[in-house]
Amino acid sequence: MLTYKASALAWAYAACALAASGATIAAQTQAEFPNRPVRMVKPYTPGGSVDLVGRTLVTGLSEIWGQQVIMDNRPGAGTIIGTEIVVRAEPDGYTMLCTSSTIAILSSMYKNMRFDPARDLTPIALAAVSPFVLVVHPAVPAKSVQELIALAKSQPGKLAGSSSGVGTTNHLTLELFKSASRIDVLHVPYKGGAPAIADVIGGQVSIHFNTPGTLLPHAKAGRVRALGLTSAKRADFAPDLPTFSESGLPGFEATVWYGVYGPRKLPPRVLQHWTDAMNRYMRSEQAQTHLRRSFMIGSEGTPAAFAEFHNRETERWSAVVKAAGVEAQP
């Protein structure tokens with residue numbers, strides 16, 4: 001009997017030691033994340049507004065973690081190629097996605113996607129938000145949003161508006177503007193923002209929506225005329241530029257936003273590491289200064305709040321796609 005008791009005690013001590021050892025290893029694993037370089041996939045070509053957000057994030061997170069975070073540009077197929085890389089990645093936090101509000105439009109614009117962003121990605125955090133600026137070529141006689149609406153109504157289908165491509169946020173903002181103001185404007189899609197802006201500057205098209213960081217330098221140089229902002233209130237960086245609500249379209253608001261996502265089933269401890277690091281960096285003066293220079297507003301919050309925001313944006317842009325009769329891509 002004594003031998004049995006001693007044996008039972010030995011097993012009990014061994015079990016406790018094993019449990020303690022497992023807890024220690026788990027704690028060490030959690031504390032060590034990340035213990036190798038992290039890959040941040042950006043489903044766009046280098047340059048552009050997503051780069052402005054992504055580059056500052058990889059710098060800030062590298063400093064916080066003491067581990068290199070690398071930006072990996074994987075453009076193509078309307079951001080599907082880069083996004084799918086993250087969807088198919090191991091859910092360990094080492095392959096993540098930095099993208100724009102286009103992610104909320106994909107399911108409305110593409111019929112045969114092999115993934116569903118809402119189902120197959122884990123929202124981490126909303127990083128930054130930017131309104132759109134509406135600009136026209138200087139030869140267009142309109143000096144305000146209301147004057148542009150009146151001009152378009154007097155010449156149905158005569159004015160043309162460029163976009164970065166079918167189904168992009170600036171295309172759908174143009175469609176939202178057409179619907180809200182009941183005007184007929186020809187949509188001219190381009191393969192990217194640069195040629196779309198170039199043709200507004202050149203006078204081949206009359207109207208364009210894009211981010212302040214992209215368009216305000218051209219407006220300041222007199223190459224285009226800025227008429228209004230699509231934000232809910234005026235922006236500090238352009239206090240003289242009225243909102244669309246002030247310009248006779250109450251409630252009109254459209255933004256482009258930037259966020260970070262991970263693969264589905266990201267472990268809670270990894271999700272927490274990412275959330276804590278993102279919020280810590282976005283609160284920093286370094287991040288806020290960088291985003292102000294880029295005419296953006298920094299953000300922070302919880303994954304749950306970001307997921308809810310993502311779903312609202314998905315529903316909203318889906319309604320715009322349907323109302324505009326935009327045909328989904330194969």
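Here is what the cut-offs are and how they apply
Residues numbered from 1 in each chain as written. Predicted model: local features only at pLDDT ≥ 70, side-chain atom pairs only at ≥ 80, totals over all residues. Heavy atoms only, no water. Helix = DSSP H or I, 4+ residues; strand = E, 2+ residues; numbered from the N terminus. Buried < 20%, exposed > 50% of the residue type's maximum accessible area, 1.4 Å probe, protein only. Contact = heavy atoms within 4.5 Å. Areas by Shrake-Rupley, 256 points an atom, 1.4 Å probe, with all protein chains shown as cover. Pairing = 2+ DSSP bridges. Axes fitted to C-alpha atoms, helices over the stretch in contact; angles between N-to-C directions. pLDDT = per-residue confidence, 0-100. Salt bridge = Lys/Arg side-chain N within 4 Å of Asp/Glu carboxyl O.

Side note on the overall build of the protein chain
When you go through the protein chain residue by residue, the secondary structure sums to twelve helices and eleven strands. Dimensions along the principal axes, computed over C-alpha positions, put the protein chain at roughly 100 × 40 × 30 Å. Sorting the 330 residues of the protein chain into buried and exposed places 51% on the buried side. Summarising the internal contacts of the protein chain: among those between residues at least 6 apart in sequence, 78% fall at separations of at least 24. Per element, the accessible surface of the protein chain, about 15,400 Å² overall, is 56% carbon and sulfur.

Regarding the sheet that holds strand S5 (residues 133–136)
Strand order across the open sheet formed by five strands is S7-S6-S8-S5-S9, with mixed pairing between neighbours. Every other strand in the sheet has two partners, leaving strand S7 (186–189) and strand S9 (225–229) as the edge strands with one partner each. When strand polarity is set aside, the average angle formed by the axes of neighbouring strands in this sheet is 30°. Of the pairings in the sheet, the one linking strand S6 (residues 160–163) to S7 comprises four bridges and is parallel in character. Paired with Ser163 across the bridge in S7 is Pro189.

Side note on unusual backbone geometry
Positive phi is not limited to glycine here, since Thr79 has a value of about 80°. Along the chain, Thr79 falls in the loop between strand S2 (69–73) and helix H3 (80–87). Given a relative accessible area of 6%, Thr79 falls into the buried group.

Quick word on the sheet that holds strand S1 (residues 38–42)
One open sheet holds the six strands; their spatial order is S2-S1-S3-S10-S4-S11, and the pairing between them is mixed. With one partner strand each, in any of the chains shown, S2 and strand S11 (297–298) form the two edges of the open sheet. Sheet topology note: the strand S4 (residues 121–131)/strand S10 (residues 255–263) ladder contains nine bridges and is antiparallel. Its bridge partner being in S10, Pro131 is matched across the sheet by Thr255. In this fold H3 packs onto S1, strand S3 (95–100), S4 and S10, with an angle of close to 145° to the strand it touches most, S3. Against the sheet, helix H10 (residues 268–282) contacts S1, S3, S4, S10 and S11, and its axis sits at roughly 15° relative to S4.

Structural notes on the environment of Gly248
One can find Gly248 in the loop between S9 and S10. Sequence spacing of Gly248 and Gly262 is 14 residues, and the spatial spacing of their C-alpha atoms is 40 Å.

Some words on the confidence of the model for the protein chain
Averaged over every residue, the pLDDT of the protein chain is 89; the share at 70 or more is 91%. Every residue in residues 1–30 is under pLDDT 50, and counting partners more than four places away or in other chains gives three contacts.

Section: the pattern of salt bridges
Going through the model one piece at a time under the given rule, you end up with 15 salt bridges. Between Arg74 and Asp72 there is a salt bridge, and its shortest N-O distance comes to 3.2 Å. Judged by relative accessible area, Asp72 falls into the buried class, the value being 17%. With a shortest N-O distance of 2.7 Å, Arg119 and Asp120 are connected by a salt bridge. Here Arg119 falls in the partly exposed class, since its relative accessible area comes to 46%. A residue is classified by how much of its surface remains accessible, and Asp120, at 6% relative accessible area, is buried. Where salt bridges share partners, they join Arg39, Asp72 and Arg74 into one cluster.

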